[in-house]
Structures are given as C-alpha cells and as structure tokens.
Amino acid sequence: MRDVALSPTRGSVVNLLPTTTSTDVQEQQPCVAVLPVGSFEQHGRYLPLITDTAIACIISQEIADAYPVHLLPPITMSCSHEHAAFPGTVSISAKTLYAVIDDIRASLARSGIHKLVIVNGHGGNYVLSNVVQEANVDGPAVSLFPLGAEWDRARDNAGLVSDRHADMHAGEIETSVLLHAAPELVRDGFADADHDGGSRPFLLVQGMSAYTETGVIGFPSHATAAKGKAVLESLVSSFEGHLRAVDETG
C-alpha cells in the first residue's frame, strides 16, 4: 500500500462528513436541512468512484458555511445504472433512494425541521425530481439543488470552455471543483482524457459504454482549481433562492 499525504484543504476526504454536535444544532435551531446525494460510479482513470459524493458534500459544506442550515451526512450510493458496464460502480434502485429520503424527511420532522434541500451530485438521479414534486403538494417543503440553470450560471461565471451537455461526466467542471477543494482526489491523466460523446440519444437504453470507452464524456483538459473555486462561489450565491422557495430566508 502506497502512502498518501492528504491535503489540509477543507475538501479533504477526511472532512466530507459534518462534525457538528447535538448541542451545536440545539443552539443554532436551523429550520432547513441540507442533504448531499452522490453516487459510487466510475469517473475515468483519474477521478475516484466517490466523485459525485465528494462534490455534493463540498457544495453542501460551502452552503453550510454561508447559511444557517443543518448539514446532513451524504447518501453515497444512488442510481448509476447507466455506468454498470464499468468496474467498481454500485447502484441502488430509484425506489430505494426515494424511500431513504422519505425516511430522512420523516425523522427531520420529528426533530422539528420541516424543510429540506437536496444537493444532488449525480445527474442520473432522476427520481429526486419526483421526490420534490410530491413533497410539495401541501406547501413548499423540499427543493432540489443545483438546478440546470444554476449549473449553467456557474459555468458562465467561472469561464468554463465546455457546456453542460458536452461536459457530462468526469469533465471540466467536476475536475475543476476537485482540483480546488480536494486536489488529493485527482490523479494524473485528466489533461489528455477529453472525449466528445455526441448526442447520446439512447444513453438510458445502451448505457455509457455505448458512447465512451474510457468512461469520460467531457473536457477535463480545461479544468483548473480557479474555475472550481468560481463554480462553488456561484452555486453558493444561487442557493439563497432555494431558501426563499421553501419559505425560509435564513
């Protein structure tokens, strides 16, 4: 086993879990909980299987630093079935993910927290939109973050070269965020791993392997830590709208 020296950055893998105490929460009395949802799926040869979880946690920690929310530990496995052809990927069903979040919401409500924002790090978690849709029938209670327009705004604000469709997976934006917040997670190889996956009309039918041999669809060669920092700053700014949407301005 080779020795790995972890970076002291807050995004270090050892700091992806919240460290608040029960007393902290009692004193803060937050009205909104933030739940990171990631995945455990391939991200090419240079990013780890935990990439989506790490990014969801990094975004959530930035949010918790800026707003009075109750930061929860992440859901680390989700709906990654389109990546099943690549070694290491593990998925749970959409109904299981739905049930876990439903249980979390019920537990939060029993402790007096009735509003939840789900920070989704994996685009394949389509069921999360249904979770939010159904949760808000009786009034605003749950929001899903970031929305597509918020990712696009973050890309523009950070000066990313690629767009959201072309840079789908293990590309410029994901690599940039990790280079900034958890550089110890990024291995060599991203500088020459660019791959254009085209239109991908049957991605959910044929899976990722029909459109990429490496597991990459995107342009990681353009990634920089400075872009990652700017992406996070933009997302933190956008989050305020979600507090307003669930009637909690903080």
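Residues numbered from 1 in each chain as written. Predicted model: local features only at pLDDT ≥ 70, side-chain atom pairs only at ≥ 80, totals over all residues. Heavy atoms only, no water.

Enquirer: Just give me the short version of the confidence of the model for the protein chain, but keep the residues and values in it.
Expert: When pLDDT is low, close inspection of the predicted coordinates is not appropriate. Per-residue pLDDT for the protein chain has a mean of 93; in total, 93% of the residues score no lower than 70. Segment residues 1-11: pLDDT under 50, and 22 contacts once partners within four positions in sequence are set aside and those in other chains are kept. (pLDDT = per-residue confidence, 0-100. Contact = heavy atoms within 4.5 Å.)

Enquirer: Give me the pattern of salt bridges: which residues, what numbers.
Expert: For the coordinates displayed, the defined rule picks out six salt bridges. Two residues, aspartate 192 and arginine 45, come together in a salt bridge whose shortest N-O distance is 3.0 Å. Of this pair, aspartate 192 sits in the loop between helix H6 (172-181) and helix H7 (203-206) while arginine 45 sits in the loop between strand E1 (32-37) and helix H2 (51-66); the two residues are 147 residues apart in sequence, bridging distant segments of the chain. For aspartate 192, a relative accessible area of 61% translates into the label exposed. For aspartate 167, the salt bridge is made with arginine 155, and the minimal N-O distance between the two is 3.0 Å. Of this pair, aspartate 167 sits in the loop between helix H5 (148-158) and H6 while arginine 155 is found in helix H5, placing the two residues 12 residues apart along the sequence. We note that aspartate 167, like arginine 155, is buried. (Salt bridge = Lys/Arg side-chain N within 4 Å of Asp/Glu carboxyl O. Helix = DSSP H or I, 4+ residues; strand = E, 2+ residues; numbered from the N terminus. Buried < 20%, exposed > 50% of the residue type's maximum accessible area, 1.4 Å probe, protein only.)

Enquirer: Which residues make up the packing of aromatic side chains, and what are the values?
Expert: This structure, assessed with the given rule, holds three aromatic pairs. Ring geometry for tyrosine 67 against phenylalanine 239: centres 5.3 Å apart, planes inclined by 50°, an arrangement best described as tilted. Placement of the pair is tyrosine 67 in the loop between H2 and strand E2 (70-71) and phenylalanine 239 in helix H8 (residues 225-245), with a sequence separation of 172 residues. This pair shows no difference in class: tyrosine 67 is buried, exactly as phenylalanine 239 is. With a centroid separation of 5.4 Å and an interplanar angle of 85°, the aromatic rings of phenylalanine 145 and phenylalanine 239 are classed as edge-to-face. Of this pair, phenylalanine 145 sits in strand E4 (residues 142-145) while phenylalanine 239 sits in helix H8, and the two are 94 residues apart along the sequence. Aromatic ring contacts, followed pair by pair, group Tyr67, Phe145 and Phe239 into a single cluster. (Phe/Tyr/Trp six-rings, centres within 6.5 Å; stacked < 30°, edge-to-face > 60°.)

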